[in-house]
Amino acid sequence: MKKQYIYSIDNLRGLAILLVFFTHCQSFNLFDSLFQDFAKFFVGNATAIFVFISGFLFHYLQSKNFNFKKYLKQKSKFVITPYLFFISIATIIGLFFHVNEYYQLTNLQFIIWSLSVGGTVVAPLWFIPMICLFFLTAPVFISISKVSLKIMTVITVVSIILSLITDRPFSQYNPFLSYIHFLGFYMLVVYLSASHKVREGLYSHYQLVYALTITFFYILLGFYLYTRYVNGSETYGFINSFGKFNLIQGGKLCMTILLFVAFEHYFNHKNKVLGFFSHISFGIFFIHGFMLIIFSKLVNQWQLTDHPFLLLILETIFGLGGSVLLIEIGKKILGNRSRYVLGC
């Protein structure tokens, strides 16, 4: 039986990839520190929403007739193959500019390391080695989704707590630690997908969900600003931050639940703009990092402008618009084979 198309999740994926893009925009660094902190709290770690959506689509589409071998074959074709294409380009660029010497690695060591961790040259590519770990552990999530609701609730709560008391590893160079950091978001949505009653409870009590998530979001924002401007302390990295409540991740959990419920109510229908970005989301993901690096080099060379808002507009046009343009050109040239190269 063919699964019903869920426009709310499709549209949310379109929004998520836009948030991921803005997470990587360097123009935000030119704004005053208060604006930077607001932007970091609202947009930062938007990958969590993307992980959440990946988990929902996985369980929704695979839970009834899960075939691990077929699942991995599909992911190999449409995720890993494009990754190998783009990471090869990034690695060649890294070798050309002697990035391996910065890390005191031989060419061969750098190639192996780059393929393994993803983001050594083009930062956003770190995501693929991590999400591959979720692919490999897919049978575990299928099994968990079939246990009693009480046991699944305990596992989900523990996973969420783990995500809230950790930070990303430095520069996302450790996919295993990134997996642990984002595990709570993936497990939460598997839980919501598997438990129809809990999911419908959120939908039916949407006003309460809005009130609670928005309230806690701004409380966490207040604490975050306090730590930045009054307490003056902030720790980074998985190990250094372990056991400390991650305020940005907590805010992103509130935002994710809010958007999940809100999109079910207001965007569970075809939306041309969000649907468009959703359908090319993996292409944007693979390409935008390259475009932003090029834009940064052009800005440094030509000194385009020092006005942060204008620079952000130009970065969006070049980075996002350029990515979309390259995707459309690639799809025209490659046709049905574009998913093997561009991911869309």
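Quick caveat, the model's predicted, so the values are computed rather than measured.

### Focus on the packing of aromatic side chains
Following the criterion strictly, the structure yields 42 aromatic pairs and no others. Measuring from ring centre to ring centre gives 5.3 Å for Phe21 and Phe22, while their planes differ by 75 degrees; the resulting arrangement is edge-to-face. One Lys or Arg, Arg339, reaches over the ring of Phe78 and ends 3.7 Å from the middle of that ring.

### Describing the packing of helix 1 (residues 7-23) against helix 17 (residues 308-334)
Relative to each other, helix 1 and helix 17 sit at 120 degrees, their axes nearing to 11 Å. When the interaxial angle is binned, helix 1 and helix 17 end up oblique. In this structure, helix 1 meets helix 17 at a crossing whose hand is right-handed. Of the residues in helix 17, those touching helix 1 at Leu18, Phe21 and Phe22 are Leu312, Glu315, Thr316, Gly319 and Leu320. A class-by-class count of the residues in the contact of helix 1 with helix 17 yields 5 nonpolar, 2 polar and 1 charged.

### Regarding the nonpolar core
Grouped together as the largest cluster of nonpolar side chains are 93 residues, with contacts concentrated most on Phe127, Ile128 and Phe141. Broken down by element, this core gets its largest block of residues, 11 residues, from helix 10 (residues 175-194). Other than its neighbours up to four places away in sequence, Ile128 contacts Val79, Tyr83, Phe282, Phe285 and Phe286.

Cut-offs used in this document
Residues numbered from 1 in each chain as written. Predicted model: local features only at pLDDT ≥ 70, side-chain atom pairs only at ≥ 80, totals over all residues. Heavy atoms only, no water. Phe/Tyr/Trp six-rings, centres within 6.5 Å; stacked < 30°, edge-to-face > 60°. Lys NZ or Arg CZ within 6 Å of the ring centre and 35° of its normal. Axes fitted to C-alpha atoms, helices over the stretch in contact; angles between N-to-C directions. Helix = DSSP H or I, 4+ residues; strand = E, 2+ residues; numbered from the N terminus. Parallel < 35°, antiparallel > 145°, perpendicular 65-115°, else oblique. Left-handed = near helix turned anticlockwise from the far one by under 90°. Contact = heavy atoms within 4.5 Å. Nonpolar A, V, L, I, M, F, W, Y, C, P; charged D, E, K, R; others polar. Core = buried A, V, L, I, M, F, W, Y, C linked by side-chain atoms within 4.5 Å. Buried < 20%, exposed > 50% of the residue type's maximum accessible area, 1.4 Å probe, protein only.

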